[in-house]
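# Structural features, examined
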Amino acid sequence: MELLFQLPELPYAMDALAPYMSAETLEFHHGRHHKAYVDKLNALTADSPYRDMSLEEVILTSANKPAESGLFNQAGQHWNHSHFWLGMKAGGGGAVPGNLEKHLIADFGSVDRFKEEFKAACIAQFGSGWAWLVFDGEKLGIAKTGNADTPLTEGKSALLTCDVWEHSNYIDYRNLRPRYVDAFLEGLVNWEMVAERYESAIGA
C-alpha cells in the first residue's frame, strides 16, 4: 500500500545552505527528525478515519483533542517542517520583493523592524517551537507556537517560519540561538517564496 504522507525532497542540495546551515544539520534534521514524524504519522493514520484526509485536514480535525495529541504532533511537525524547508534557499536573504516589502513597512514600520521583532520572537520562544510571519486576513504579524502547534489552527496564513527546536541549530550554533536566527534572516530566507505565499494569501 502506498503511504499517504511522504517526506518531501529538499529543493536544494544538502550542502547548498552552507555556511549558514551545514549538510550535517540537514542530514539529521530532514533525513532523521522529519522522516521520523512522517513515519509515525503514516503509522497512526493507517486503517483509521484519518487515512483519506489531507495533511491539513488531519491537523485541523485532531487539534485540541487530548486523545489525538500524538497524531496532531506528528502531523503538525510534518507540515511545519515542510513549510520551513521551502522558506530557505542557497544564497538567501537580500532584498525583499516590492509588494511584500511595502506591506512589511506598512505593518511593522520598516523591514529592519520586522526582522528585529521576528528575531525577538525566535529568541523568546521557550523551549521547542517556531516563530512565524503570518497574515491574518488584514495585516502581517508575528506569531510564536510551541512544539507542533501551527498557525493553521488559528486560521492564519503562514508566510515564513524559523524552526527553533534544538535539532534545527545545535550542530552549527550550539546554544547560540540568536546567531542562528541572524544567519537564517540574512543568509537563508527565500524571500521570493515568502512573497508568493503572501500574494496567494491576499488573493492577488
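So, here's what we can say about the structure. (Residues numbered from 1 in each chain as written. Predicted model: local features only at pLDDT ≥ 70, side-chain atom pairs only at ≥ 80, totals over all residues. Heavy atoms only, no water.)

## Some points on the state of the cysteines
Counted under the stated rule, the structure contains zero disulfides. Cys162 provides the cysteine sulfur closest to Cys122, a residue in no disulfide bond, and the two sulfurs are 4.1 Å apart. With a relative accessible area of 0%, Cys162 lands in the buried category. (Disulfide = S-S within 2.5 Å. Buried < 20%, exposed > 50% of the residue type's maximum accessible area, 1.4 Å probe, protein only.)

## Considering the packing of helix α2 (residues 55–62) against helix α3 (residues 69–86)
Packing of α2 against α3 brings their axes to within 9 Å, and their N-to-C directions diverge by 140°. As judged from the angle between their axes, α2 and α3 are oblique. By crossing handedness, the relation of α2 to α3 is classed as left-handed. Each of Leu55, Glu56, Val58, Ile59 and Ser62 in α2 lies in contact with α3, whose residues at this interface are Leu71, Phe72, Ala75, Gly76, His78 and Trp79. Split into classes, the residues belonging to the contact of α2 with α3 amount to seven nonpolar, three polar and one charged. (Axes fitted to C-alpha atoms, helices over the stretch in contact; angles between N-to-C directions. Helix = DSSP H or I, 4+ residues; strand = E, 2+ residues; numbered from the N terminus. Parallel < 35°, antiparallel > 145°, perpendicular 65-115°, else oblique. Left-handed = near helix turned anticlockwise from the far one by under 90°. Contact = heavy atoms within 4.5 Å. Nonpolar A, V, L, I, M, F, W, Y, C, P; charged D, E, K, R; others polar.)

## Looking at unusual backbone geometry
A cis amide bond, omega 5°, links Ala18 with the succeeding residue Pro19. Residue placement: Pro19 occurs in the segment before α1 (23–45). Look at Asn64: it is not a glycine, yet its phi comes out positive at around 65°. Note on placement: Asn64 falls in the loop between α2 and α3.

## So, the packing of aromatic side chains
Tallied over the entire structure, the rule returns 11 aromatic pairs. Their ring planes at 75° and their centres at 6.2 Å tell us that Phe84 and Trp130 sit as a pair that is edge-to-face. Of the two residues, Phe84 is situated in helix α3 and Trp130 in strand β1 (residues 129–135); the sequence distance between them amounts to 46 residues. The burial state of Phe84 is the same as that of Trp130; both residues are buried. Ring-pair connections join several aromatic residues into one group, and the members of that group are Trp79, Phe84, Trp85, Phe108, Phe114, Phe118, Trp130, Trp132, Phe184 and Trp191. One Lys or Arg, Arg32, reaches over the ring of Phe28 and ends 4.2 Å from the middle of that ring. (Phe/Tyr/Trp six-rings, centres within 6.5 Å; stacked < 30°, edge-to-face > 60°. Lys NZ or Arg CZ within 6 Å of the ring centre and 35° of its normal.)

## So, the pattern of salt bridges
Two side chains of opposite charge can pair, provided their charged atoms sit close to one another. Inspection of every chain in the model, using the stated rule, returns seven salt bridges. Arg113 is the partner of Glu116 in a salt bridge, and the nearest nitrogen-oxygen pair spans 3.0 Å. Remark: Arg113 and Glu116 occur in helix α5 (residues 111–124); sequence separation between them is three residues, near one turn of the helix. The exposure class of Glu116 is partly exposed, given its relative accessible area of 46%. Overall, Arg113 belongs to the partly exposed group, its relative accessible area being 40%. (Salt bridge = Lys/Arg side-chain N within 4 Å of Asp/Glu carboxyl O.)

## Comments concerning the packing of α1 against α3
It is at 9 Å that the axes of α1 and α3 come closest, and there the two elements cross at 140°. When the axes of α1 and α3 are compared, the pair comes out oblique. Where α1 crosses over α3, the handedness of that crossing is left-handed. Packed against α1, whose contacting residues are Leu26, His29, His30, His34, Ala36, Tyr37, Val38, Lys40, Leu41, Leu44 and Thr45, the element α3 presents Gly70, Leu71, Gln74, Ala75, Gln77, His78, His81, Ser82, Phe84 and Trp85 at the interface. By residue class, the composition of the contact of α1 with α3 is 10 nonpolar, 10 polar and one charged.

## Regarding the sheet that holds strand β2 (residues 140–146)
The pairing of strands in a sheet comes from backbone hydrogen bonds and takes either a parallel or an antiparallel form. The strand order across the open sheet formed by three strands is β2-β1-β3, and the pairing between neighbours is antiparallel. In this open sheet, the two strands that pair with only one neighbour each are β2 and β3 (157–163). The sheet shows a mean angle of 25° between the axes of neighbouring strands, taken without regard to direction. Two elements, β1 and β2, share seven bridges in a ladder whose sense is antiparallel. Across the sheet, Trp130 pairs through a bridge with Thr145, a residue of β2. (Pairing = 2+ DSSP bridges.)

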